[in-house]
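Here is what each chain is made of, one letter per residue.
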Amino acid sequence: MSTEPSPGERLAAALRRFPIHVDPSLASALPTAERRRLAAKFRTAPAPIYVVLVPLVKGGTWTDSDQLATVVHDRMGRDGIFITFHDATEDLTAREWGGDHQARKAAWAVTLDRAMDDQPLASRLSRVVDLIVSGTAVREYDRVSAEIDKRAALSEPRHSDDGDLKVPLTAAVAGAAVAGAVGFVVWRHRRIRSVRREGNGLLLPRTVFTTANRANEDQLREQATREVVAFGELLDETTVPTKDERTRTLMTRALDAYQAAGKTLDAAQGVPDLAGVLVLLDQGRDALASAESVAKGGPEIPPVPLCFFNPLHGDATTRIDWRPLGSRDRLRVRTCRPCAQKTRDKKLPDVLMDTENGREVPYYEKDPTKSVWSQTGYGQLREDLIERIQRGDQ
């Protein structure tokens, strides 16, 4: 049995001796004298700071910044601020345990600031520490963000409302924690006019959720179960002819969505998965509505997705250009009106939360290799959500 320490244990041991570790392959980027000056500055910080600079390579020992910081923190057994490279780049990012000194915003403020683009690594690290020590990380991040938005407004071409969005959202999006209220769950059976159900045949039931505790999860599970059964009955009762290829394709998609929803429900481990069940059912109903229209000689009906920030909000009636925290890229997403208004007011929408490494994060911040919802933005950032569920990506 090997007694050799793991890579994480070796890094933790090095950081216990000195708060900056630089892989030998990167030694020239941060000379020894600069490391000593930085370490002296760390002593003025409101929390312990550790810098871990190692190559992040897909298929290597360390594949992404969150993995590296989490493992090293666990092996050290000490809380603090861990500054690393952001994935396979020389950009800086940070993770923090045991406090909230806006370390990640400090790192992203430096990374996104054009004035820092050509600065040596030591200067960029020093600037991150200055923002943490002074408590001005949020203000500086907002300033840099405003500059980026201003440049984008002047130079970026406008997107067509019907533009196809295929940009993945990575787990590196940083963000603040959001309280657990998820509001009203509003599901509209928007376009299948031949369906008859209790009450208004065009509406699915409305369920109220006020917190993200266990009881609310149980309520949502019951709701999702009812809707899977109802959609299955709807498919059994449909009389849509499938003689032409397009109608067959749409009906196949509706059936695939139903099967994916059932599979997700069976394996659901929390509110994010149960919200995914309802997203899949919504996609299935959209496909069925289009199949009915095409079979009658009409056009396909453009699907209306559910709110990007929280599918439990209901229909995404508004398109917005949204720039994730820590990113220079703007994404074209569709949201409910309240979430759209909050982003315009520079406020954080009521985001659906997930859990990663024992802490709550917005669902889109979760490691995309561990969450199909993060990978796809609940189907808004990728068109193959149903296929991913069917092949077991979840």
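Parameters at a glance
Residues numbered from 1 in each chain as written. Predicted model: local features only at pLDDT ≥ 70, side-chain atom pairs only at ≥ 80, totals over all residues. Heavy atoms only, no water. Axes fitted to C-alpha atoms, helices over the stretch in contact; angles between N-to-C directions. Helix = DSSP H or I, 4+ residues; strand = E, 2+ residues; numbered from the N terminus. Parallel < 35°, antiparallel > 145°, perpendicular 65-115°, else oblique. Left-handed = near helix turned anticlockwise from the far one by under 90°. Contact = heavy atoms within 4.5 Å. Nonpolar A, V, L, I, M, F, W, Y, C, P; charged D, E, K, R; others polar. Buried < 20%, exposed > 50% of the residue type's maximum accessible area, 1.4 Å probe, protein only. Arc of directions from axis to C-beta. pLDDT = per-residue confidence, 0-100. Pairing = 2+ DSSP bridges. Phe/Tyr/Trp six-rings, centres within 6.5 Å; stacked < 30°, edge-to-face > 60°. Salt bridge = Lys/Arg side-chain N within 4 Å of Asp/Glu carboxyl O. Lys, Arg positive; Asp, Glu negative; His and termini not counted.

Some thoughts on the packing of helix 1 (residues 7-17) against helix 3 (residues 65-76)
Inference 1: Relative to each other, helix 1 and helix 3 sit at 65°, their axes nearing to 8 Å. With respect to their mutual orientation, helix 1 and helix 3 come out roughly perpendicular. The hand of the helix 1/helix 3 crossing is right-handed. For the pair helix 1 and helix 3, the contacting residues are Gly-8, Glu-9, Leu-11, Ala-12, Leu-15 and Arg-16 in the first and Leu-68, Val-71, Val-72, Arg-75 and Met-76 in the second.
Inference 2: Classifying every residue of the contact of helix 1 with helix 3 by side-chain character gives seven nonpolar, one polar and three charged.

Observations regarding unusual backbone geometry
Inference 1: Phi at Gln-102 is positive, roughly 55°, even though this residue is not glycine.
Inference 2: Tracing the backbone shows Gln-102 in the loop between strand 4 (92-97) and helix 4 (103-112).
Inference 3: Overall, the relative accessible area of 27% leaves Gln-102 in the partly exposed class.
Inference 4: Look at Asn-357: it is not a glycine, yet its phi comes out positive at around 55°.
Inference 5: In this structure, Asn-357 sits in the loop between strand 9 (353-356) and strand 10 (359-362).
Inference 6: On the basis of relative accessible area, Asn-357 is assigned to the partly exposed category, the value being 41%.

A short note on helix 1
Inference 1: Along helix 1, the residues classified as buried are Gly-8, Leu-11, Ala-12, Ala-14 and Leu-15. All buried residues of helix 1 lie within an arc of 160° about the axis, which places them on one face of the element.
Inference 2: Against strand 1 (20-22), strand 2 (49-53) and helix 3 lie the buried residues of helix 1.

A short note on the confidence of the model for the protein chain
Reading predicted coordinates in detail is not appropriate for stretches of low pLDDT.
Inference 1: Confidence in the prediction of the protein chain, expressed as mean pLDDT, is 80, and 82% of residues score 70 or more.
Inference 2: Per-residue pLDDT stays below 50 along residues 156-215; that stretch engages in 143 contacts with residues further than four places along the chain or on separate chains.

Here we look at the sheet that holds strand 3 (residues 80-85)
Within a sheet, adjacent strands bond to each other through the backbone by hydrogen bonds, running parallel or antiparallel.
Inference 1: Taken in spatial order, the four strands line up as 1-2-3-4 in an open sheet, and their pairing is mixed. Each edge of the open sheet is held by one strand with a lone partner, namely strand 1 and strand 4. On average, adjacent strands in this sheet sit at an angle of 15° to one another, irrespective of strand direction.
Inference 2: As defined by bridge partners, strand 1 adjoins strand 2 across three bridges and the pair is classed as parallel.

Some thoughts on the packing of aromatic side chains
Inference 1: Tallying each qualifying case throughout the model produces 13 aromatic pairs.
Inference 2: Taking 5.6 Å as the distance between ring centres and 55° as the angle between the ring planes, the aromatic pair formed by Phe-308 and Trp-322 counts as tilted. Taken together, the residues Phe-308 in the loop between helix 9 (271-295) and strand 7 (318-322) and Trp-322 in strand 7 connect sequence positions 14 residues apart. Each member of the pair, Phe-308 together with Trp-322, is buried.
Inference 3: Relative to Trp-322, the ring of Phe-309 lies with its centre 5.1 Å away and its plane at 85°, an arrangement referred to as edge-to-face. Note that Phe-309 is positioned in the loop between helix 9 and strand 7 and Trp-322 in strand 7, a separation of 13 residues in sequence. Each member of the pair, Phe-309 as well as Trp-322, carries the same accessibility label: buried.
Inference 4: Connected via pairs of aromatic rings, a cluster forms that spans Phe-308, Phe-309, Trp-322, Tyr-363, Tyr-364, Trp-373 and Tyr-378.

Quick word on the pattern of salt bridges
Inference 1: One pass over the structure, following the stated rule, counts 15 salt bridges.
Inference 2: Between Asp-113 and Arg-143 there is a salt bridge, with its nearest N and O atoms 3.4 Å apart. Of this pair, Asp-113 sits in the loop between helix 4 and helix 5 (121-134) while Arg-143 sits in helix 6 (residues 137-155), and the two are 30 residues apart along the sequence.
Inference 3: The partly exposed category is assigned to Arg-143, whose relative accessible area is 35%.
Inference 4: Here Asp-350 ties to Lys-342 by a salt bridge, and the two come within 3.2 Å at their closest N and O atoms.
Inference 5: By relative accessible area, which is 32% here, Asp-350 ends up partly exposed.
Inference 6: With relative accessibility at 27%, the residue Lys-342 sits in the partly exposed group.

Section: the environment of Gly-284
Inference 1: Examined against the element boundaries, Gly-284 turns out to sit in helix 9.
Inference 2: By relative accessible area, which is 0% here, Gly-284 ends up buried.
Inference 3: Taking C-alpha positions, Gly-284 is 4.2 Å from Ala-254, a pair spaced 30 residues apart along the chain.
Inference 4: Setting aside chain neighbours within four positions, we find Gly-284 in contact with Phe-231, Ala-254 and Ala-257.

Overview of the side chain of Arg-124
Inference 1: Structurally, Arg-124 can be placed in helix 5.
Inference 2: Despite its burial, Arg-124 pairs with no opposite charge, the nearest such side chain being Glu-90 at 4.5 Å.
Inference 3: Beyond its immediate sequence surroundings of up to four residues, Arg-124 is in contact with Glu-90, Asp-91, Leu-92, Val-110, Met-116 and Gln-119.

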